[in-house]
Amino acid sequence: MIFGSRRAEPRAHRAASTRELAVTLAHDVGAELIGACQDRGSATLVLSGGRTPIPFFEQLRGIAFDWSCLTISLADDRWVDPDSADSNEKLLRDHLLVGAAARARLVPLKNAAPSAAAGADLAWNALQALPRPLDVVILGMGDDGHFASLFAQSPGVQDALDPAMSPACVAMTASVQPYERLSLNLAALLQTRRLILHITGEHKWQVYQSALREAKRNAQRLPTTLPISAVLAQTQVPLDVYWSP
């Protein structure tokens, strides 16, 4: 895969605190969703799990608009019961889809298939029904530079990080907490009008800076150590980075 050579620098949005960041991000994402509903009659939002987005979810659910026009899905999820504490689907139901926000439609990745590998196509078929491009995709990032469930040493990750591959939902594993997982590949995540990376903490900022350097050094090939550098190297969708120390 050859990445483009005219990569736009990400736009950084810094906040002084986690709460301020959550308020700012909720305001900006809410404006995108309201505009999409007004202009096109519907809006689509793909979210990531983990602890970082919880304050953002709790701010976003307070945005006043017609939540029934919104469809939400996930960038990835563990292949666990939707009621498991390790489920990103449960995270959304507990912290975002509350009150008026419960009227939004959720398209989960976990399904009735016997395994993640068997369920990947079913999940993708459900997601393909959503209009493209998506309105907003929000990624998180781990301390090791992974995003969604695309980990550096996972089997198949190089294909999943290649933006020239067909958009898909893929089965993945991780060396830590080795659950089966489903993840959108990078090509699928790039099918959006607005792409956002949401991180907190000084350490993740330093990982992000290392990934920027890797993206610049390795502009003509896929990343070798920090998967998020594939997002930074692609030229298809501009990236906004929301960060607080």
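The structure we're discussing is the one just above.
Residues numbered from 1 in each chain as written. Predicted model: local features only at pLDDT ≥ 70, side-chain atom pairs only at ≥ 80, totals over all residues. Heavy atoms only, no water.

K.L.:
Sorry, what's going on with the state of the cysteines here?
P.N.:
Across all of its chains, the model carries one disulfide by this definition. Disulfide pairing places Cys37 opposite Cys69 at an S-S distance of 1.7 Å. Disulfide Cys37 to Cys69: torsion about the S-S bond roughly 60°, handedness right-handed. Taken together, the residues Cys37 in helix 1 (residues 18-40) and Cys69 in the loop between helix 2 (54-60) and strand 3 (70-74) connect sequence positions 32 residues apart. Residue Cys37 shares its accessibility class with Cys69, and that shared class is buried. (Disulfide = S-S within 2.5 Å. Helix = DSSP H or I, 4+ residues; strand = E, 2+ residues; numbered from the N terminus. Buried < 20%, exposed > 50% of the residue type's maximum accessible area, 1.4 Å probe, protein only.)

K.L.:
What is the right way to read the nonpolar core from this model?
P.N.:
Within soluble globular proteins, side chains that are nonpolar generally end up buried alongside one another. Of all hydrophobic cores here, the largest spans 82 residues; its most connected members are Val29, Leu45, Phe56, Ile72 and Phe147. A total of eight residues in this core trace back to one element, the largest contributor, which is helix 1. (Core = buried A, V, L, I, M, F, W, Y, C linked by side-chain atoms within 4.5 Å.)

K.L.:
Honestly, the environment of Trp79 in this entry has me stumped. Any pointers?
P.N.:
Mapped onto the elements, Trp79 comes out in the loop between strand 4 (76-78) and helix 3 (88-95). Given a relative accessible area of 12%, Trp79 falls into the buried group. Beyond its immediate sequence surroundings of up to four residues, Trp79 is in contact with Leu109, Lys110, Asn111, Ala113, Pro114, Ser115, Ala116, Gly119, Glu180, Arg181 and Leu182. (Contact = heavy atoms within 4.5 Å.)

K.L.:
What exactly am I supposed to notice about the sheet that holds strand 6 (residues 134-139) here?
P.N.:
Pairing between the strands of a sheet is mediated by backbone hydrogen bonds and can be parallel or antiparallel. What the seven strands build is an open sheet, ordered 1-10-9-6-2-3-5; its pairing is parallel. Since the sheet does not close on itself, it has two edges, and those belong to strand 1 (11-14) and strand 5 (105-107), each with one partner. Put simply, the sheet's adjacent strands are angled 20° from each other on average, direction ignored. Its contacts with the sheet place helix 1 against strand 1, strand 2 (43-47), strand 3, strand 6, strand 9 (192-200) and strand 10 (239-244), and it is angled at close to 170° to strand 9. Against the sheet, helix 3 makes contact with strand 2, strand 3 and strand 5, and its axis sits at roughly 140° relative to strand 3, the strand it touches most. (Pairing = 2+ DSSP bridges. Axes fitted to C-alpha atoms, helices over the stretch in contact; angles between N-to-C directions.)

K.L.:
Looking at this model, I keep getting lost on helix 4 (residues 116-128). Mind explaining?
P.N.:
Note on helix geometry: an α-helix contains 3.6 residues per turn, so any two residues three or four positions apart are oriented the same way. When the terminal C-alpha atoms of helix 4 are compared, their 18 Å separation across 13 residues agrees well with the 18 Å that a helix rising 1.5 Å per residue should span. Considered for burial, the residues of helix 4 that qualify are Ala116, Gly119, Ala120, Ala123, Trp124 and Leu127. On an axial view of helix 4, the arc spanned by its buried residues comes to 145°, and they lie on one face. On the buried face of helix 4, the contacting elements are strand 3, strand 5, strand 7 (169-172), strand 8 (181-184) and helix 6 (186-189). (Expected span 1.5 Å × (residues − 1). Arc of directions from axis to C-beta.)

K.L.:
What's the story with the side chain of Gln234 in this structure? I'm lost.
P.N.:
Position of Gln234 relative to the elements: it lies in the loop between helix 8 (228-233) and strand 10. On the accessibility criterion, Gln234 (6% relative accessible area) is buried. At 2.7 Å, the side chain of Gln234 and the backbone nitrogen of Gln236 are in polar contact. Of note is the side chain of Gln234, whose polar atom sits 2.8 Å from the backbone oxygen of Val237. (Polar contact = N/O pair within 3.5 Å; in protein donor to acceptor, adjacent residues only side chain to side chain.)

K.L.:
Looking at this model, I keep getting lost on the packing of aromatic side chains. Mind explaining?
P.N.:
Think of a pair of aromatic rings as described by two things: how far the centres are apart, and how the planes are tilted against each other in angle. Scanning all chains against the criterion turns up four aromatic pairs. Aromatic pair Phe56 and Phe57: ring centres 5.8 Å apart, planes at 50°, arrangement tilted. Of the two residues examined, Phe56 and Phe57, each falls in the buried class. Taken together, a centroid distance of 4.4 Å and an interplanar angle of 25° make the contact between Trp205 and Trp243 stacked. Of this pair, Trp205 sits in helix 7 (residues 202-217) while Trp243 sits in strand 10, placing them 38 residues apart in sequence. Like Trp243, Trp205 is buried. Put simply, the rings of Trp205, Tyr208 and Trp243 touch in pairs and so form one group of aromatic residues. In this arrangement the basic side chain of Lys110 is found over the ring face of Trp79, its NZ or CZ atom lying 4.3 Å from the centre. (Phe/Tyr/Trp six-rings, centres within 6.5 Å; stacked < 30°, edge-to-face > 60°. Lys NZ or Arg CZ within 6 Å of the ring centre and 35° of its normal.)

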